[in-house]
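Below are the chains, spelled out letter by letter.
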Amino acid sequence: MAVGIATVRIYAPWVHSLKEKCTVVKSICAKVRNKFNVSIAEVGDQDVHQSIILGFACVAGDNSHAGQVIDTVIRFIEGNTEGDIVQIEREIV
């Protein structure tokens, strides 16, 4: 069994309020949850308008499958947000 953990930092220059940021975060999280079997949440910079930090985790049978799931979710997030991904941290345990 392997657990994959990733943190994605997104810069969203068009966001000008926390309410607008909340809408963006909820949308991304709902799409990822519905498409993939992962846990995802906003894990940092919750009071900064233009910075979104999402953390997600998955459980898989082996390390390579966990890595594939993380890669797939990151590509999905890249394709479904107008923001720029500025940092990705990943770990497989």
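Remember, predicted model here, so these are calculated numbers, not experimental data.

## Observations regarding the packing of helix 1 (residues 18-35) against helix 2 (residues 63-79)
1) Next: In the contact formed by helix 1 and helix 2, the axes pass within 11 Å of each other and the chain directions differ by 140°. As judged from the angle between their axes, helix 1 and helix 2 are oblique. For the pair helix 1 and helix 2, the sense of crossing is right-handed. For the pair helix 1 and helix 2, the contacting residues are I28, K31, V32 and K35 in the first and V73, F76 and I77 in the second.

## Some details on the sheet that holds strand 4 (residues 84-92)
The strands that make up a sheet are held in pairs by hydrogen bonds between backbone atoms, and each pair lies either parallel or antiparallel.
1) Next: With antiparallel pairing, 4 strands are arranged side by side in an open sheet as 2-3-1-4. This sheet does not close on itself; its edge strands, each paired only once, are strand 2 (39-44) and strand 4. Taken pair by pair, the neighbouring strands of this sheet meet at an average axis angle of 20°, ignoring direction.
2) Next: Note: strand 1 (residues 2-11) against strand 4, 8 bridges, orientation antiparallel. Its bridge partner being in strand 4, G4 is matched across the sheet by I92.
3) Next: Against the sheet, helix 1 engages strand 1, strand 2 and strand 3 (51-60), with an angle of about 15° to strand 3.
4) Next: Across the face of the sheet, helix 2 comes into contact with strand 1, strand 2, strand 3 and strand 4 while running at roughly 165° to strand 4.

## Quick word on helix 1
1) Next: The end-to-end C-alpha distance of helix 1 is 26 Å, a good match for the 26 Å that 18 residues give at a rise of 1.5 Å each.
2) Next: Residues K21, V24, V25, I28, C29 and V32 constitute the buried set of helix 1. Burial along helix 1 is one-sided: seen end-on, the buried residues are contained in an arc of 125°. Across helix 1 from its buried face, at more than 90 degrees, point the exposed residues K19, T23, K26 and N34.
3) Next: Where helix 1 is buried, its residues touch strand 1, strand 2, strand 3 and helix 2.

Rules used throughout
- Residues numbered from 1 in each chain as written.
- Predicted model: local features only at pLDDT ≥ 70, side-chain atom pairs only at ≥ 80, totals over all residues.
- Heavy atoms only, no water.
- Axes fitted to C-alpha atoms, helices over the stretch in contact; angles between N-to-C directions.
- Helix = DSSP H or I, 4+ residues; strand = E, 2+ residues; numbered from the N terminus.
- Parallel < 35°, antiparallel > 145°, perpendicular 65-115°, else oblique.
- Left-handed = near helix turned anticlockwise from the far one by under 90°.
- Contact = heavy atoms within 4.5 Å.
- Pairing = 2+ DSSP bridges.
- Expected span 1.5 Å × (residues − 1).
- Buried < 20%, exposed > 50% of the residue type's maximum accessible area, 1.4 Å probe, protein only.
- Arc of directions from axis to C-beta.

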